[in-house]
Structures are given as C-alpha cells and as structure tokens.
Amino acid sequence: MLAPKKTKFRRAHKGRIHGLSRSATSLNFGSFGLKATEPGRVTARQIESARRAITRHMKRLGRIWIRIFPDVPVSVKPAEVRMGGGKGSPEFWVARVKPGRIMFEIDGVPVDLAKRAFELASAKLPVTTRFIARFSEEN
Amino acid sequence: MSEVKSLKVETRSGTGTGAARAVRRSGKVPGVVYGNNLDNDLIALDPGELRRNLQKTGFFATLFDLKIGSKTVRVLPKDVQLHPVSDLPLHADFMRISKDSKIHVNVPVQFTNEPLSPGLKRGGVLNVVRHQIELICSPENIPNVIVVDLSGLEIGDSVHISKINLPANVVPAIADRDFTIATIAAPTAMKGDEEKEQAAAQATAGDAAAPAADAAAPAKPTPEKK
C-alpha cells in the first residue's frame, strides 16, 4: 500500500476539503482517466483495492498511473477510552481528493475495457467518479 | 496543410470576470482574439460547436476563419479553459494569423503500424511521452498530424524526434536536444502480477514457518515514541 517514507509531523489535523481541484484535472499520461466529482478522503487501502480491480480486469494489457498519494495520517483513539489524554495514534493514511481530480489513468487498452475497469475501481472508492477519455475522433 | 474551418462567433462587449460570466449565463462561451499588433476582439462562441471541434484530433493545429462583424479573421486556437469537473469550455483564446508569420503550433502525433511492432505484440505498452509536438512553421505549412512508424520496435525501444521526417520548412520548437516522443514499455499489469505472485509465495512460506507472524500487515503510520 502507498504510504510516505517519512513525515515531518506524525499527526495531522482532520481538515476540511473545500473547492475544486486546481491541478491534475486533465489527462497527462494515459488515454483514459477516472475523475472525482465530489470531495472526499481516499484511504491507501481503497487506492490499492481500486488499483487491483483495474489491473485484474485489464489482465496483461495496458499501463496504470495513480495520480493521488495518501500523505495525510488519520489517528484513532482506542475503544472505550474517556475523552482527553491527547490525540489517538495514527492508524492509516488518506489522500484528500477535491472534485475534478484525476485519480487514475490507464493506457494501452480498448475503450470498453477501460470503462469497465474504471467501473470496478469506482466501486472501491468513497467518492463519485466520472470516466474521461482523451479528446479524439475515435472516442 | 490542414484545412481551414469556420466557427460562428458573435461580438460581445465588456471585459473582465463580470462580463464573461454574463456571457456564460446567456448560454455562450466567452473568447478573445488577439495578435498582429491589433486591438483585441471580444467574442462569444456557441458551446456545442466549440466542444465538437475540441473533441477532434488536432484542434490546436487547425486554422479557423472567424466572421467578426463585417470582417473575416483567420485565427489559430491557442488555449481553451475547461471546467475542472464537467470539462465544459469556459473561455477560448484565438490568435490572429498573418501569411508571412512564423507560428508555434502543437501538432498531434499519430502512431501507425502497431501490429508490426514485436514489442507491442509481446504485450508491451506504447508509452506516449508527447501526445503533441510543438513545431515552428508558417500557417500554410501546418501539418495535420506527425506520423510515427512503430514497425520493428521492441520493448525498451524509444522513438525520438530525429527519427521523424518532418515536412519542409517545419522545425521542432525544442531544438537543443533529441527529445523522446514515445517508448515501448513493459505493461504494469504484467510486472504487478509477477510481484504479487512472488509476494504471495513468500507470505505463504512465512505463514507455514511462523503462523503468528503477520506477513501481510498493512503499513501503519509510525507510532509516537513516549
């Protein structure tokens, strides 16, 4: 699973996700992409699960690019613990995703295969998504 | 040379965000025509027609004739701003073209003879480094596409600009190096599968040796030292 190698601080504020994505809103690497249409926190497990779904559906064809990285640690307090006593321990990593962000790109597969692979991947993600293709007459 | 197309435009008045938003509210896309040391022309375009043209390959390498008022202006699209989520056009920039000017134009790359590449046949993936190439040429010499022949390429091979036969009087804008256009890469799916299989084999071996060892433990953030 994706995780930072080292971080400056162990814990992060929860934060809020405002506005639209300012970067990574168009295809940069592949011919097809999966774009987030609502804000959300995507965990490293969800990214890995979606990546696996895409890879398995594409079998031995194509290439994948993951354009989000889970760099925000999320802490959780243990069960049945009274409030106070400091922040909980970091448990998992998330990527903050804004609407318009392209999360995955693929190339080297036909359009119908790409669409189905992204449908399967989208089911693993906590945000609504949209399939996008590079502008061309064929698509 | 690519054919010259026409686009229906209307003139609009007022510059700035407020005027542009008013145009969008009326169902049009605001745009601007600049260049040739003349004053800017403010235009409004039909969103459907603009999108249809935008979806075609080589929109930014196609010359357009815009009828602005009583005059017809030959222009080259320079930029189209899209909405980050819906990808609908928000604004379009066009540059006036004169016959004797040298222009920088992004021409799309078309790949041919894919079945004749042994690397692609073996499951390799065409990794397109540049989907379009910036060229310097006169308006009459804009090529429709740059054709790249993939025959005979193996996994790991790459195509550079020096291998491409450009038309006469057309030069690439990047002249200081022999830049890469595409490579034939091994598919990530193949690599990933092999890694997964190896990892699974190791995990099962580890489990058999020491069942308590959690070989597949997820990478957790480092716990704080107290």
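Residues numbered from 1 in each chain as written. Chains lettered and ligands numbered in written order. Predicted model: local features only at pLDDT ≥ 70, side-chain atom pairs only at ≥ 80, totals over all residues. Heavy atoms only, no water.

1. Some words on the sheet that holds strand β8 (residues 103–112) of chain B
Residues and elements named next belong to chain B.
Next, step 1: The sheet built from four strands is open, its strands ordered β11-β8-β10-β13 with mixed pairing. Among the strands making up the open sheet, the edge pair consists of β11 (146–149) and β13 (171–172).
Next, step 2: By the bridge criterion, four bridges tie β8 to β11 in an arrangement that is parallel. Across the sheet, the residue bridging to Thr 112 is Asp 149, located in β11. (Pairing = 2+ DSSP bridges. Helix = DSSP H or I, 4+ residues; strand = E, 2+ residues; numbered from the N terminus.)

2. Re the side chain of B:Asn127
Next, step 1: Looking at the secondary structure, you find B:Asn127 in strand β9 (residues 125–128).
Next, step 2: With residues near it in sequence (within four places) discarded, B:Asn127 still touches A:Arg63, A:Trp65, B:Ile181, B:Ala182, B:Thr183 and B:Ala185. (Contact = heavy atoms within 4.5 Å.)

3. Structural notes on a nonpolar patch on the surface
Next, step 1: Together, A:Leu2, A:Ile66 and A:Phe69 make up an exposed nonpolar region whose accessible area comes to about 210 Å².
Next, step 2: By the element assignment, A:Leu2 lies in the segment before β1 (32–36). (Patch = residues over 30% accessible without salt bridge, like charges linked within 9 Å, V, L, I, M, F, W, Y side chains within 5 Å. Areas by Shrake-Rupley, 256 points an atom, 1.4 Å probe, with all protein chains shown as cover. Salt bridge = Lys/Arg side-chain N within 4 Å of Asp/Glu carboxyl O.)

4. Structural notes on a positive patch on the surface
Next, step 1: On the surface, A:Lys14, A:Arg16, A:Arg41, A:Lys87 and A:Arg96 cluster together into a positively charged patch.
Next, step 2: Looking at the element boundaries, A:Lys14 is found in the segment before β1. (Lys, Arg positive; Asp, Glu negative; His and termini not counted. Charge placed at Lys NZ, Arg CZ, Asp CG, Glu CD.)

5. Let's talk about the domain arrangement of chain B
Residues and elements named next belong to chain B.
Next, step 1: Splitting chain B by domain gives domain 1 (5–98) and domain 2 (104–188).
Next, step 2: Centre-to-centre, using C-alpha coordinates, domain 1 lies 29 Å away from domain 2.
Next, step 3: Each partner contributes residues to the interface: domain 1 has nine residues there, and domain 2 has seven residues.
Next, step 4: Both sides together, the interface formed by domain 1 and domain 2 hides about 580 Å², and carbon and sulfur atoms give 72% of it.
Next, step 5: Among the residues domain 1 hides against domain 2, the three largest losses belong to Phe 60, Ala 61 and Leu 63. Together they make up 50% of the total. (Domains from an automatic or database assignment. Buried area = accessible area lost by both parts, 1.4 Å probe.)

6. Looking at the pattern of salt bridges
Next, step 1: The tally for this structure, following the rule as stated, stands at twelve salt bridges over all chains.
Next, step 2: The residue A:Glu48 makes a salt bridge to A:Arg51 at a minimum N-O spacing of 3.0 Å. Residue A:Glu48 and its partner A:Arg51 are both found in helix α1 (residues 44–58); the two are separated by three residues, about one turn of the helix. We note that A:Glu48, like A:Arg51, is buried.
Next, step 3: Note that B:Arg74 and B:Asp65 form a salt bridge whose closest N and O atoms lie 3.1 Å from each other.
Next, step 4: One connected set of salt bridges, linked through shared partners, spans A:Lys35, A:Arg130 and B:Asp87. (Buried < 20%, exposed > 50% of the residue type's maximum accessible area, 1.4 Å probe, protein only.)

7. Let's talk about unusual backbone geometry
All names here are of chain B.
Next, step 1: Phi is positive for Asn 37, close to 55 degrees, though the residue is something other than glycine.
Next, step 2: Positionally, Asn 37 belongs in the loop between β3 (29–34) and β4 (41–45).
Next, step 3: Relative accessible area serves as the criterion here: at 83%, Asn 37 is assigned to the exposed category.
Next, step 4: For Asn 169, which is not glycine, the phi torsion reads 65 degrees and is therefore positive.

8. As for the sheet that holds strand β6 (residues 102–107) of chain A
Residue and element names in this part refer to chain A.
Next, step 1: The antiparallel open sheet is built from four strands, whose spatial order is β3-β6-β1-β7. Looking at strand neighbours, the two that pair on one side only are β3 (63–66) and β7 (129–133), the edges of this open sheet. Direction aside, the axes of adjacent strands within the sheet are offset by 20 degrees on average.
Next, step 2: Bridging between β3 and β6 involves four bridges; their strand directions are antiparallel. Pairing of Ile 64 across the sheet is with Ile 106, part of β6.
Next, step 3: The sheet strands contacting α1 are β3 and β6, and the helix crosses β3 at an angle near 165 degrees.
Next, step 4: Together, β1, β6 and β7 form the strand contacts of helix α2 (residues 111–122), whose direction differs from that of β1 by roughly 30 degrees. (Axes fitted to C-alpha atoms, helices over the stretch in contact; angles between N-to-C directions.)

9. Quick word on the packing of aromatic side chains
Next, step 1: Counting across every chain of the model gives five aromatic pairs over all chains.
Next, step 2: Measuring from centroid to centroid gives 5.7 Å for A:Phe32 and A:Phe131, while their planes differ by 20 degrees, and the two rings are stacked. Within this pair, whereas A:Phe32 is found in strand β1, its partner A:Phe131 is found in strand β7, the two being separated by 99 residues in sequence.
Next, step 3: Between B:Phe59 and B:Phe60, the aromatic rings sit 5.1 Å apart at their centres with planes inclined by 80 degrees, giving edge-to-face as the arrangement.
Next, step 4: The exposure class assigned to B:Phe59 is buried, which follows from its relative accessible area of 4%. (Phe/Tyr/Trp six-rings, centres within 6.5 Å; stacked < 30°, edge-to-face > 60°.)

10. Points about α2(A)
The α-helix winds at 3.6 residues per turn, so residues separated by three or four positions along the chain end up facing the same way.
All names here are of chain A.
Next, step 1: A rise of 1.5 Å per residue sets the reference length of α2, with its twelve residues, at 16 Å; its end C-alpha atoms lie 16 Å apart and thus fit the reference within 8%.
Next, step 2: Looking at α2, one finds that the buried residues are Leu 113, Ala 114, Ala 117, Phe 118, Ala 121 and Ser 122. Taken end-on, α2 shows its buried residues confined to a sector of 165 degrees, consistent with a single buried face.
Next, step 3: For α2, the secondary structure elements touched by its buried residues are β1, α1, β6 and β7. (Expected span 1.5 Å × (residues − 1). Arc of directions from axis to C-beta.)

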